[in-house]
Amino acid sequence: MKDKKLVKIEVYSINGKKLPSTNLKVAKTMIRRKKAEWINENESLTLLYSKSEFKALKKLVIEEENRTCYICKAVIDVEKATIDHIIPKFKGGTDYRYNLACSCLRCNEDKKNFTLRQYIRHIENNIEKYKYIDLKYLKKQLIERRSEYEKAKKEENIRLDRATFTKTVKTR
(Lines give C-alpha, C1' and ligand atoms only; values in the text may rest on other atoms or scores of the structure.)
Protein backbone atom coordinates (compact mmCIF):
# COMPACT_ATOMS: atom_id res chain seq x y z
CA MET A 1 0.00 0.00 0.00
CA LYS A 2 1.15 3.52 -0.75
CA ASP A 3 2.23 5.85 2.03
CA LYS A 4 -0.84 7.62 3.48
CA LYS A 5 0.83 10.98 2.89
CA LEU A 6 1.36 10.26 -0.81
CA VAL A 7 -2.20 9.19 -1.66
CA LYS A 8 -4.10 12.21 -3.01
CA ILE A 9 -7.75 12.52 -2.01
CA GLU A 10 -10.06 14.77 -4.00
CA VAL A 11 -12.06 17.17 -1.80
CA TYR A 12 -15.39 18.79 -2.67
CA SER A 13 -17.40 21.44 -0.83
CA ILE A 14 -20.89 20.68 0.35
CA ASN A 15 -22.04 22.50 -2.83
CA GLY A 16 -19.96 20.20 -5.06
CA LYS A 17 -17.18 22.71 -5.79
CA LYS A 18 -13.73 21.09 -6.17
CA LEU A 19 -11.32 22.14 -3.43
CA PRO A 20 -7.57 21.52 -3.04
CA SER A 21 -6.69 17.83 -2.62
CA THR A 22 -5.53 16.38 0.66
CA ASN A 23 -3.76 13.20 1.75
CA LEU A 24 -5.29 10.01 3.14
CA LYS A 25 -4.21 10.67 6.73
CA VAL A 26 -5.88 14.11 6.80
CA ALA A 27 -8.95 12.73 5.00
CA LYS A 28 -9.40 9.96 7.60
CA THR A 29 -9.05 12.51 10.40
CA MET A 30 -11.76 14.67 8.77
CA ILE A 31 -14.02 11.62 8.49
CA ARG A 32 -13.40 10.58 12.11
CA ARG A 33 -14.19 14.12 13.31
CA LYS A 34 -17.34 14.13 11.18
CA LYS A 35 -16.17 17.09 9.12
CA ALA A 36 -16.50 15.13 5.87
CA GLU A 37 -17.98 12.00 4.30
CA TRP A 38 -16.57 9.65 1.70
CA ILE A 39 -17.95 9.91 -1.83
CA ASN A 40 -15.74 7.06 -3.05
CA GLU A 41 -13.80 5.33 -0.26
CA ASN A 42 -10.12 6.40 -0.28
CA GLU A 43 -10.63 8.45 -3.48
CA SER A 44 -12.79 11.50 -2.78
CA LEU A 45 -14.75 13.10 0.02
CA THR A 46 -17.19 15.93 0.54
CA LEU A 47 -17.02 18.42 3.40
CA LEU A 48 -20.10 18.52 5.60
CA TYR A 49 -19.83 22.29 6.07
CA SER A 50 -17.71 25.15 4.82
CA LYS A 51 -15.42 27.36 6.91
CA SER A 52 -17.97 30.18 6.70
CA GLU A 53 -20.72 27.82 7.91
CA PHE A 54 -18.58 26.76 10.86
CA LYS A 55 -17.80 30.40 11.63
CA ALA A 56 -21.56 31.07 11.67
CA LEU A 57 -22.04 28.08 13.99
CA LYS A 58 -19.44 29.49 16.39
CA LYS A 59 -21.22 32.84 16.38
CA LEU A 60 -24.54 31.09 17.03
CA VAL A 61 -23.11 29.16 20.00
CA ILE A 62 -21.70 32.35 21.53
CA GLU A 63 -25.03 34.18 21.07
CA GLU A 64 -27.16 31.26 22.34
CA GLU A 65 -25.05 31.07 25.47
CA ASN A 66 -25.25 34.84 26.01
CA ARG A 67 -21.46 35.25 25.71
CA THR A 68 -21.15 33.45 29.06
CA CYS A 69 -18.36 30.99 29.80
CA TYR A 70 -19.95 27.66 30.63
CA ILE A 71 -17.11 26.90 33.04
CA CYS A 72 -16.60 30.06 35.15
CA LYS A 73 -19.78 32.02 34.26
CA ALA A 74 -17.78 35.08 33.11
CA VAL A 75 -19.51 37.29 30.55
CA ILE A 76 -17.13 37.67 27.60
CA ASP A 77 -16.73 40.29 24.87
CA VAL A 78 -17.80 38.76 21.54
CA GLU A 79 -14.34 39.20 20.01
CA LYS A 80 -12.71 37.44 23.00
CA ALA A 81 -15.17 34.55 23.24
CA THR A 82 -13.91 31.11 22.22
CA ILE A 83 -15.59 27.81 21.48
CA ASP A 84 -14.71 24.81 23.62
CA HIS A 85 -15.26 21.23 22.55
CA ILE A 86 -16.91 19.58 25.56
CA ILE A 87 -15.49 16.26 24.38
CA PRO A 88 -12.14 17.34 22.91
CA LYS A 89 -11.52 16.64 19.25
CA PHE A 90 -8.38 14.86 20.42
CA LYS A 91 -10.65 12.33 22.16
CA GLY A 92 -13.07 11.89 19.28
CA GLY A 93 -15.29 14.93 19.89
CA THR A 94 -16.99 16.53 16.91
CA ASP A 95 -17.80 20.01 15.69
CA TYR A 96 -21.52 19.33 16.04
CA ARG A 97 -23.52 21.87 18.04
CA TYR A 98 -24.12 19.55 20.99
CA ASN A 99 -20.37 19.32 21.58
CA LEU A 100 -19.65 23.06 21.46
CA ALA A 101 -19.84 25.58 24.28
CA CYS A 102 -18.99 29.24 24.76
CA SER A 103 -15.85 29.62 26.83
CA CYS A 104 -13.49 32.36 27.95
CA LEU A 105 -9.92 31.98 26.72
CA ARG A 106 -8.57 31.30 30.24
CA CYS A 107 -10.93 28.34 30.82
CA ASN A 108 -10.59 27.00 27.27
CA GLU A 109 -6.79 26.99 27.44
CA ASP A 110 -6.78 25.53 30.96
CA LYS A 111 -9.22 22.73 30.10
CA LYS A 112 -6.99 21.65 27.18
CA ASN A 113 -7.77 18.07 26.17
CA PHE A 114 -9.74 17.16 29.29
CA THR A 115 -13.34 16.05 28.96
CA LEU A 116 -15.63 18.12 31.19
CA ARG A 117 -15.78 15.28 33.76
CA GLN A 118 -11.96 15.04 33.83
CA TYR A 119 -11.67 18.80 34.13
CA ILE A 120 -14.02 18.85 37.14
CA ARG A 121 -11.83 16.20 38.83
CA HIS A 122 -8.75 18.30 38.00
CA ILE A 123 -10.39 21.36 39.60
CA GLU A 124 -11.38 19.34 42.69
CA ASN A 125 -7.77 18.16 43.08
CA ASN A 126 -6.45 21.73 42.72
CA ILE A 127 -9.28 23.66 44.38
CA GLU A 128 -7.07 26.48 45.69
CA LYS A 129 -6.16 27.47 42.13
CA TYR A 130 -9.81 27.51 40.99
CA LYS A 131 -11.65 29.59 43.58
CA TYR A 132 -13.26 31.58 40.75
CA ILE A 133 -15.13 28.48 39.53
CA ASP A 134 -18.45 27.45 41.07
CA LEU A 135 -18.12 23.64 41.14
CA LYS A 136 -21.80 23.11 41.87
CA TYR A 137 -22.69 25.11 38.73
CA LEU A 138 -20.07 23.27 36.66
CA LYS A 139 -21.34 19.85 37.77
CA LYS A 140 -24.86 20.96 36.78
CA GLN A 141 -23.44 21.94 33.36
CA LEU A 142 -21.97 18.44 33.05
CA ILE A 143 -25.36 16.82 33.71
CA GLU A 144 -27.28 19.16 31.38
CA ARG A 145 -24.78 18.91 28.55
CA ARG A 146 -24.53 15.12 28.86
CA SER A 147 -28.31 14.98 28.53
CA GLU A 148 -28.17 17.22 25.41
CA TYR A 149 -25.38 15.06 24.02
CA GLU A 150 -27.29 11.79 24.55
CA LYS A 151 -30.43 13.24 22.95
CA ALA A 152 -28.48 14.57 19.95
CA LYS A 153 -26.55 11.32 19.48
CA LYS A 154 -29.81 9.36 19.56
CA GLU A 155 -31.29 11.70 16.91
CA GLU A 156 -28.10 11.46 14.87
CA ASN A 157 -28.21 7.65 14.93
CA ILE A 158 -31.86 7.71 13.87
CA ARG A 159 -30.94 9.99 10.92
CA LEU A 160 -28.02 7.72 10.02
CA ASP A 161 -30.24 4.63 10.23
CA ARG A 162 -32.82 6.30 7.96
CA ALA A 163 -30.11 7.29 5.48
CA THR A 164 -28.73 3.74 5.44
CA PHE A 165 -32.23 2.33 5.01
CA THR A 166 -32.96 4.73 2.16
CA LYS A 167 -29.69 3.81 0.40
CA THR A 168 -30.44 0.09 0.87
CA VAL A 169 -33.95 0.43 -0.51
CA LYS A 170 -32.76 2.45 -3.52
CA THR A 171 -30.08 -0.10 -4.45
CA ARG A 172 -32.51 -3.05 -4.51
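Structure: see above.
A brief structural summary. (Residues numbered from 1 in each chain as written. Predicted model: local features only at pLDDT ≥ 70, side-chain atom pairs only at ≥ 80, totals over all residues. Heavy atoms only, no water.)

1. A word on the overall build of the chain
Consideration 1: For the chain, the helix and strand inventory stands at five helices and six strands.
Consideration 2: Here the chain holds 172 residues, and the buried ones make up 36% of them.
Consideration 3: Long-range contacts, defined as pairs at least 24 residues apart, comprise 49% of the intrachain contacts of the chain with a sequence gap of at least 6.
Consideration 4: Carbon and sulfur atoms make up 53% of the accessible area of the chain, which totals about 11,600 Å². (Helix = DSSP H or I, 4+ residues; strand = E, 2+ residues; numbered from the N terminus. Buried < 20%, exposed > 50% of the residue type's maximum accessible area, 1.4 Å probe, protein only. Contact = heavy atoms within 4.5 Å. Areas by Shrake-Rupley, 256 points an atom, 1.4 Å probe, with all protein chains shown as cover.)

2. Concerning the pairing of strand 3 (residues 36-40)
Consideration 1: Summarising the sheet, strand 3 and strand 4 (residues 44-47) pair through four bridges and their orientation is antiparallel. Paired with W38 across the bridge in strand 4 is L45.
Consideration 2: The hairpin formed by strand 3 and strand 4 contains three residues between the paired strands, and N42 there has a positive phi angle of roughly 60 degrees. (Pairing = 2+ DSSP bridges.)

3. Some thoughts on the layout of surface pockets
A probe matching the size of a water molecule, rolled over the atoms, marks out where space remains unfilled.
Consideration 1: The calculated volume of the second largest pocket comes to roughly 280 Å³.
Consideration 2: Every residue along the wall of the second largest pocket is listed here: V11, L19, P20, T22, M30, K35, L47, Y49, S50, K51, F54 and D95.
Consideration 3: Elements supplying a minimum of two residues to the lining of the second largest pocket: strand 2 (18-23) and helix 2 (51-64).
Consideration 4: Considering each element in turn, the lining of the second largest pocket owes the most residues, three residues, to strand 2.
Consideration 5: Split into classes, the residues belonging to the lining of the second largest pocket amount to seven nonpolar, two polar and three charged. (1 Å grid on protein atoms, 1.4 Å probe; cavity = no way out; pocket = protein on both sides within 12 Å on 5 of 7 lines; lining within 4 Å. Points joined across faces, edges and corners; volume = space filled by probe spheres on them. Nonpolar A, V, L, I, M, F, W, Y, C, P; charged D, E, K, R; others polar.)

4. Focus: the pattern of salt bridges
A pair can form between side chains of opposite charge whenever their charged atoms are brought close.
Consideration 1: Tallying each qualifying case throughout the model produces twelve salt bridges.
Consideration 2: The shortest N-O distance in the salt bridge between E10 and K18 comes to 2.2 Å.
Consideration 3: Classification of E10 by relative accessible area gives partly exposed; the value is 26%.
Consideration 4: On the accessibility criterion, K18 (45% relative accessible area) is partly exposed.
Consideration 5: Residue K111 is joined to D84 by a salt bridge in which the shortest nitrogen-to-oxygen separation is 3.1 Å. You can see K111 sitting in helix 3 (residues 105-111) and its partner D84 sitting in strand 5 (residues 82-85), a full 27 residues away along the chain.
Consideration 6: Owing to a relative accessible area of 0%, K111 belongs among the buried residues under this scheme.
Consideration 7: Counted as one network, the salt bridges with shared partners bring together E64, E65, R97 and R145. (Salt bridge = Lys/Arg side-chain N within 4 Å of Asp/Glu carboxyl O.)

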